[in-house]
Amino acid sequence: MYILSFESSCDETSVSVTKDGKHVLSNEILSQIDIFKEYGGVVPEISSREHVKGITYVYLNALKNANLKIDDIDYIAVTEGPGLIGSLLTGINAAKIVSINTHKPLVGVNHLSGHIYAGMIEHDVEFPLLAIIISGGHTEFVVMKDHYDFQKIGSTLDDAVGEVFDKVARILGIPYPGGPLLDKIGKEGKDIYKLPRPMIDSKDYSFSFSGLKSATLGLVQELENKNIEYKNSDIARSFEEAVADVLLKKAKTAIKEFGIKEVLVVGGSAANSVIREKLEKGIKSAKVTLADKKYCGDNAAMIGISAYYKIKNGLIDDVTLTPKSRLDL
Ligand code: KG4
Ligand code: ZN
């Protein structure tokens, strides 16, 4: 089964062709990151227009690089939410046009399920699994007993992991998007500052990272005020270790409570080296699968893989599909 998929929920225009819910034949991504560097973040209206400009080019390349023609495709999939309405709309309209013109069925995919299925590209999972979604907009623990059976067991009460990386990066003068560069700087640093691990001992799977962001800002201000020399790399590393410790502790608790066999670490911040290492080394009682770094950030391949399992579950949409800024799993 060949699926052509579209993703445009935030600042990446992406189109992909995937095969049988496992293989990626093409995954074209046009990123708007360079445009938003000067703004320090995504400007929704500009993002919408950039998607409109790029989508046809990305679509044509996705088919070309998969060595397929549109007639070879079985289903059209598209991210329906959550995300920026104007941005989502471009992907959805493009998918609808292709679906109507070719009489191929349309499938709407939840962006978060896409992130989870990024961990299943070229990989068979064992259920029950725990998906740790850490992205710019979301931090969620999701238990799955089978394909397309999502049980959200907890999420962040304030900032998402990626969001707090970007904000702490800004405190350290690192340009948007801060996550990848903070990761790089942190590799040179040491965990020498005692930053808080918010809600690490709470009995549930809720997270709160805004206090950690404030504590990091307070630390930097104190060092500056007291004229104490410090290295950005040490602050970055101390911050990363704090985030990773919270994720590890809660993952261990969930593994026990839900009899988890495999942990999937997915989403933009799943590319972080400290988080990857800590979860991989720290979890002994379940298999740990880290999403391939090239599928951590937003991409259409993960939407195609997720769509495959949605179709297998008999769930198909039609051209009445609408974009949704908020959408639960
Ligand atoms: O999943 P994603 O591409 O978009 C959303 O769905 O939000 O995630 C983007 C987020 C950004 O906040 C970015 O800073 C973060 O992922 N990120 C990272 C790293 N690479 C990207 N955070 C920490 N370490 C990284 N290496
Ligand atoms: Zn995402």
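Before reading on, note that the structure itself is shown above.
Remember, predicted model here, so these are calculated numbers, not experimental data.

Student: Quick rundown of the overall build of the protein? Include the residues and the values.
Tutor: The number of helices and strands found in the protein is 10 helices and 10 strands. Its C-alpha atoms put the protein at 65 × 45 × 30 Å along the principal axes. Among the 329 residues that make up the protein, the fraction classed as buried is 57%. For the protein, contacts bridging at least 24 residues in sequence account for 74% of all contacts bridging at least 6. As displayed, the protein has an accessible area near 14,100 Å², and 51% of this comes from carbon and sulfur atoms. Across the protein, 39 positive and 44 negative side-chain charges occur, with their mean positions spaced 3 Å apart.

Student: Let's hear about the packing of aromatic side chains: which residues, and what values?
Tutor: For the coordinates displayed, the defined rule picks out 11 aromatic pairs. A connected cluster of aromatic rings, assembled from ring pairs, spans Tyr 117, Tyr 148, Phe 150, Tyr 308 and Tyr 309. A cation sits over an aromatic face here: Lys 250 above Phe 207, 5.6 Å from the ring centre.

Student: Tell me about the coordination of the zinc ion (ligand 2), residues and numbers included.
Tutor: Coordination sphere of the zinc ion (ligand 2), protein contribution only: His 111 (NE2), His 115 (NE2) and Asp 298 (OD), at 2.0 to 2.1 Å. For the zinc ion (ligand 2), the 4 donor atoms in the first shell make angles of 96 to 130° at the metal, so the coordination geometry reads as tetrahedral. Written as a sequence motif, the donor arrangement for the zinc ion (ligand 2) is H-x3-H-x182-D. With His 111 in helix H4 (residues 111-118) and Asp 298 in the loop between strand S10 (287-290) and helix H10 (301-312), this pair connects stretches of sequence that are 187 residues apart. The exposure class of Asp 298 is buried, given its relative accessible area of 15%.

Student: Just give me the short version of the pattern of salt bridges, but keep the residues and values in it.
Tutor: Any two side chains of opposite charge can pair, given that their charged atoms come close. Counting across every chain of the model gives 18 salt bridges. The closest approach of N and O atoms between Asp 328 and Lys 152, which form a salt bridge, is 3.5 Å. With a gap of 176 residues between them, Asp 328 in the segment after H10 and Lys 152 in strand S8 (residues 150-155) connect regions that are remote in the sequence. On the basis of relative accessibility, which here comes to 56%, the residue Asp 328 falls in the exposed class. With its nearest N and O atoms 2.8 Å apart, the salt bridge here joins Arg 237 to Glu 241. Of the two residues, Arg 237 and Glu 241 both sit in helix H8 (residues 232-258), 4 residues apart, roughly one turn of that helix. By relative accessible area, Glu 241 is classed as buried at 10%. Three or more residues are tied together by salt bridges with common partners; here these are Arg 197, Arg 237, Glu 241, Asp 245 and Lys 278.

Student: Which residues make up the sheet that holds strand S7 (residues 139-144), and what values do they have?
Tutor: Across the sheet, 5 strands lie side by side as S8-S7-S6-S9-S10; this open sheet has mixed pairing. Bordering the open sheet on either side are S8 and S10, each of which pairs with just one other strand. When the angles between neighbouring strand axes are averaged without regard to direction, this sheet yields 20°. Direction of pairing for strand S6 (residues 129-134) relative to strand S9 (residues 262-266): parallel, over a ladder of 5 bridges.

Reading guide: rules and limits
Position numbers for residues start from 1 in each chain and track the written sequence from start to end. All chains are assigned letters beginning at A, and all ligands numbers beginning at 1, according to the order in which they are written. With pLDDT at 70 or above as the cut-off, local features in this predicted model cover only qualifying residues; side-chain atom pairs require 80 or more to be listed or tallied, and sums for whole chains, interfaces and linings still use all residues. Heavy atoms throughout the structure, all of them, feed into the side-chain values; hydrogens and water do not. Comment: elements are numbered from the N terminus, with helices defined as DSSP H or I runs of at least four residues and strands as E runs of at least two. Exposure classes here rest on a 1.4 Å probe applied to the protein chains alone. A residue is buried below 20% of its type maximum, exposed above 50%, and partly exposed in between. Residues count as neighbours in contact if any of their non-hydrogen atoms are within 4.5 Å of one another. For every accessible area listed, the method is Shrake-Rupley and the probe measures 1.4 Å; residues are considered covered only by the protein chains on display. We count Lys and Arg on the positive side and Asp and Glu on the negative side, and we leave His and both chain ends out. Note that the charge is assigned to NZ on lysines, CZ on arginines, CG on aspartates and CD on glutamates. Geometry of aromatic contacts follows a simple scheme: Phe, Tyr and Trp rings, the Trp one being its six-membered ring, pair when their centres are within 6.5 Å, and the pair is stacked under 30 degrees between planes, edge-to-face over 60, tilted otherwise. By definition, being over a ring means that NZ of Lys or CZ of Arg is both within 6 Å of the ring centre and within 35 degrees of the ring normal. Any N, O or S atom lying within 2.8 Å of the metal counts as a donor, with the limit raised to 3.2 Å for Na, K and Ca; because water is left out of the atom set, some sites can appear incomplete. Square planar and octahedral assignments, for four and six donors respectively, both demand that opposite donors be over 155 degrees apart and that all other angles lie between 65 and 115; tetrahedral needs four donors with all angles between 85 and 135 degrees, and anything else is irregular. Salt bridges are defined by distance alone: a side-chain nitrogen of Lys or Arg within 4 Å of a carboxyl oxygen of Asp or Glu. Paired strands are those between which DSSP finds at least two bridges. What counts as an axis is a line fitted to C-alpha atoms, over the stretch in contact for a helix, and the angles between N-to-C directions run from 0 to 180 degrees.

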